[in-house]
Amino acid sequence: MSEALVASQAPEAAASGASGARRFWQRLRTQRAALVAAAVVALLVLVALAAPLLTALEGQDPTTYHPGLVDSARGGVPIGSLGGISGDHWLGVEPQTGRDLFARLVYGARVSLGVALAATTVQVVLGVVVGVTAALGNRWVDQLLSRITDIIVAMPLIIMALALLAVVPSSFPRPVLVSLIIGFVAWGTIGKIARAATLSLKNLDYVAAARLSGWSTWRIARRELLPGLAAPVITYAALMVPANISIEASLSFLGVGVKPPTPSWGQMLTSANIWYQAAPQYLLLPAGALFVTVLALTVLGDGVRTALDPRSASRLRVGTGRRQEAKADAAAETAKASAAAETAQADTAPETADTTVAKEARS
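Cut-off values and rules
Residues numbered from 1 in each chain as written. Predicted model: local features only at pLDDT ≥ 70, side-chain atom pairs only at ≥ 80, totals over all residues. Heavy atoms only, no water. Patch = residues over 30% accessible without salt bridge, like charges linked within 9 Å, V, L, I, M, F, W, Y side chains within 5 Å. Areas by Shrake-Rupley, 256 points an atom, 1.4 Å probe, with all protein chains shown as cover. Salt bridge = Lys/Arg side-chain N within 4 Å of Asp/Glu carboxyl O. Helix = DSSP H or I, 4+ residues; strand = E, 2+ residues; numbered from the N terminus. Axes fitted to C-alpha atoms, helices over the stretch in contact; angles between N-to-C directions. Parallel < 35°, antiparallel > 145°, perpendicular 65-115°, else oblique. Contact = heavy atoms within 4.5 Å. Nonpolar A, V, L, I, M, F, W, Y, C, P; charged D, E, K, R; others polar. Buried < 20%, exposed > 50% of the residue type's maximum accessible area, 1.4 Å probe, protein only. Polar contact = N/O pair within 3.5 Å; in protein donor to acceptor, adjacent residues only side chain to side chain. pLDDT = per-residue confidence, 0-100. Core = buried A, V, L, I, M, F, W, Y, C linked by side-chain atoms within 4.5 Å.

**Digging into a nonpolar patch on the surface**
A cluster of nonpolar residues, Phe172, Val176, Leu180 and Phe184, forms a patch on the protein surface that exposes about 340 Å² of accessible area. Mapped onto the fold, Phe184 is located in helix 7 (residues 174–185).

**Observations concerning the packing of helix 2 (residues 32–49) against helix 3 (residues 51–58)**
Taken N-terminus to C-terminus, the directions of helix 2 and helix 3 make an angle of 70°; their axes are 4 Å apart at the nearest point. In this view, helix 2 runs roughly perpendicular relative to helix 3, as classed from their interaxial angle. Of the residues in helix 3, those touching helix 2 at Val47, Ala48 and Leu49 are Ala51, Pro52 and Leu54. Of the residues in the contact of helix 2 with helix 3, the class split is six nonpolar, no polar and no charged.

**As for the side chain of Ser264**
Looking at where Ser264 falls in the secondary structure, it is placed in the loop between helix 10 (217–253) and helix 11 (265–272). For Ser264, a relative accessible area of 0% translates into the label buried. A polar side-chain atom of Ser264 sits 2.8 Å from a polar atom in the side chain of Glu248. Those residues in contact with Ser264 that sit more than four places away from it in its chain are Gly108, Val111, Ser112, Glu248, Ser252 and Val258.

**Notes on the environment of Thr298**
With respect to the helices and strands, Thr298 occurs in helix 12 (residues 280–308). Sequence separation of Thr298 and Ala238 is 60 residues, and the distance between their C-alpha atoms is 7.7 Å.

**Some points on the confidence of the model for the protein**
Considering every residue of the protein, the mean pLDDT works out to 79; 79% of them sit at 70 or more. When the criterion is pLDDT under 50, residues 1–15 qualifies, and its contacts beyond four places in sequence or with other chains add up to 12 contacts.

**Description of the nonpolar core**
Counting residues in hydrophobic clusters, the biggest one holds 31 residues, and the most contacted among them are Ile245, Trp265, Met268, Tyr282 and Leu290. Going through the elements one at a time, helix 1 (2–29), helix 2, helix 4 (101–136), helix 10, helix 11 and helix 12 are the ones with two or more residues in this core. The leading source of residues in this core is helix 12, at nine residues. When residues no more than four places from it in sequence are discounted, the contact partners of Trp265 are Leu105, Gly108, Ala109, Ser112, Pro286, Ala289, Leu290 and Thr293. Of all hydrophobic cores here, the second largest spans 16 residues; its members include Ile190, Val207, Trp215 and Ala237.

Here is the structure:
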């Protein structure tokens, strides 16, 4: 009987999942700020993927030195106006080395976005595995994994990353190493989220029916629990990507992240901190790219969170469809008032009928 119950619920679950995805896109489309942020993020990803093509169109690369384009008598300041902007160098050149800034900026997008996405993937995988295992295991497993998660959450991320990056040999690929360290040190919060969500899901009727039908724990987790974890996990993952970009930039700025000659926005900021007066574009370009990327990803993450959980109001009120929200609130108030009027009318109808009968009896 339990197998029949689980089988009968499968089409309903698939239909509800499809309708849930449709409602999610409908809610997301009403948030103009989230749509603009999604367009900006898509453009940044496209620029990062097309970095070799863009630099080929410019005719430059991120590592070639051009000593003839800097004034050695002035300490390496780029020759020309606006940092040496020309038809051959669209955003100018780097002080002292003369390397093309446009090429280094678009290749730096590859490193910053790639490290952030890879680290977020590691965090999600580790957090979900540990959280689900703790929630489905016995009391000792839950206590052990919960204490490990608490330790991971309490660890200072930057200090731990600095320590680990200092002892790893420099021959190991630095972007991969930074991604792994951020992922392995910062998965604790999503582990707690996955554990709490699994504890609430495993007591539902369809999970109990699957357990009574003889399904294994792994099958229950894969078929019944993981789809229910999608909303909170995706919501938090969308907010972790901009945080990981900032962490990578911080590590590169401190000199322990991505090493030269591989370009990175944080590394460019490290080199530009003494050139903000002589060549301000060398500082403003990577700083502006970081600001726009983190802002767009934060707004998009907030939009995803609001679309997945409409009960929670958006923390960013700009561009979230205030007129549409006002109309929806007014319609809800009108519907509530009409329902109250109908209820009052239904309550008074029997009294009116009784009064009419009484009058007829008296006459």
